[in-house]
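# Chains, contacts and geometry: an overview
Next come the chains, spelled out residue by residue.
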Amino acid sequence: MKFDVFGRVVEDLRAADRWSAYYLGGEGKRRPARDIVIPSDLDEPEIRRYLDDLCHEWATPDNPQVTPLD
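Take the side chain of serine 20 next. Turning to its location among the elements, serine 20 is positioned in strand 3 (residues 18-24). If we ignore the near neighbours within four places in the chain, the residues touching serine 20 are Glu11, Asp12 and Leu13.

Attention now moves to the nonpolar core. One finds Val5, Ile36, Ile38, Ile47, Leu51 and Trp58 to be the most contacted residues of the largest nonpolar core, which totals 16 residues. Every element with two or more residues in this core is listed here: strand 1 (2-5), strand 3 and helix 1 (44-55). Contact partners of isoleucine 47, with chain neighbours within four places excluded, come to Met1, Phe3, Asp12, Trp19, Ile38 and Leu42.

Bringing the layout of surface pockets into the picture now. Each pocket or cavity is described by its volume, and for the largest pocket that value is around 210 Å³. Lining the largest pocket are Arg18, Trp19, Ser20, Ala21, Tyr22, Pro32, Ala33, Arg34, Ile36, Val37, Ile38 and Ser40. Considering each element in turn, the lining of the largest pocket owes the most residues, five residues, to strand 3. Considered class by class, the residues forming the lining of the largest pocket number eight nonpolar, two polar and two charged.

A surface patch of negative charge is lined by Asp41, Asp43, Glu44, Glu46 and Asp70. Within the fold, glutamate 44 resides in helix 1.

Phi at phenylalanine 6 takes a positive value of approximately 50 degrees, unusual for a residue other than glycine. Phi is positive for alanine 16, which is not a glycine, with a value near 55 degrees. Summarising the element assignment, alanine 16 is placed in the loop between strand 2 (8-15) and strand 3.

Next up on the list: the pairing of strand 1. Burial along strand 1 is one-sided: Phe3 and Val5 are buried, and none of Lys2 and Asp4, which face the opposite way, are. Relative to strand 2, strand 1 is paired through four bridges, and the arrangement is antiparallel. Residue aspartate 4 lies in a different strand from strand 2, and its bridge partner there is valine 9. What sits between the antiparallel neighbours strand 1 and strand 2 is a turn of two residues, in which phenylalanine 6 has the positive phi angle 50 degrees. Of the pairings in the sheet, the one linking strand 1 to strand 5 (residues 66-68) comprises three bridges and is antiparallel in character.

What counts, and where the lines are drawn
- Residues numbered from 1 in each chain as written.
- Predicted model: local features only at pLDDT ≥ 70, side-chain atom pairs only at ≥ 80, totals over all residues.
- Heavy atoms only, no water.
- Helix = DSSP H or I, 4+ residues; strand = E, 2+ residues; numbered from the N terminus.
- Contact = heavy atoms within 4.5 Å.
- Core = buried A, V, L, I, M, F, W, Y, C linked by side-chain atoms within 4.5 Å.
- Buried < 20%, exposed > 50% of the residue type's maximum accessible area, 1.4 Å probe, protein only.
- 1 Å grid on protein atoms, 1.4 Å probe; cavity = no way out; pocket = protein on both sides within 12 Å on 5 of 7 lines; lining within 4 Å.
- Points joined across faces, edges and corners; volume = space filled by probe spheres on them.
- Nonpolar A, V, L, I, M, F, W, Y, C, P; charged D, E, K, R; others polar.
- Patch = residues over 30% accessible without salt bridge, like charges linked within 9 Å, V, L, I, M, F, W, Y side chains within 5 Å.
- Areas by Shrake-Rupley, 256 points an atom, 1.4 Å probe, with all protein chains shown as cover.
- Salt bridge = Lys/Arg side-chain N within 4 Å of Asp/Glu carboxyl O.
- Lys, Arg positive; Asp, Glu negative; His and termini not counted.
- Charge placed at Lys NZ, Arg CZ, Asp CG, Glu CD.
- Pairing = 2+ DSSP bridges.

Structural measurements only, silent on function.
In structure tokens:
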């Protein structure tokens, strides 16, 4: 799943019953988003709301929300 998190593109992947978050760069590279820890008990529909709650300090007038990109 990919999200625009207040202007930052974040991909969330689930493997071995745990979520991992990555920042995606414009050139196709990704790096671990170590500052985003997603509880393993959340399911896909809850991720957007969780990212909104966790990262709301990143909001700006140009990027006021978390938006799914998939």
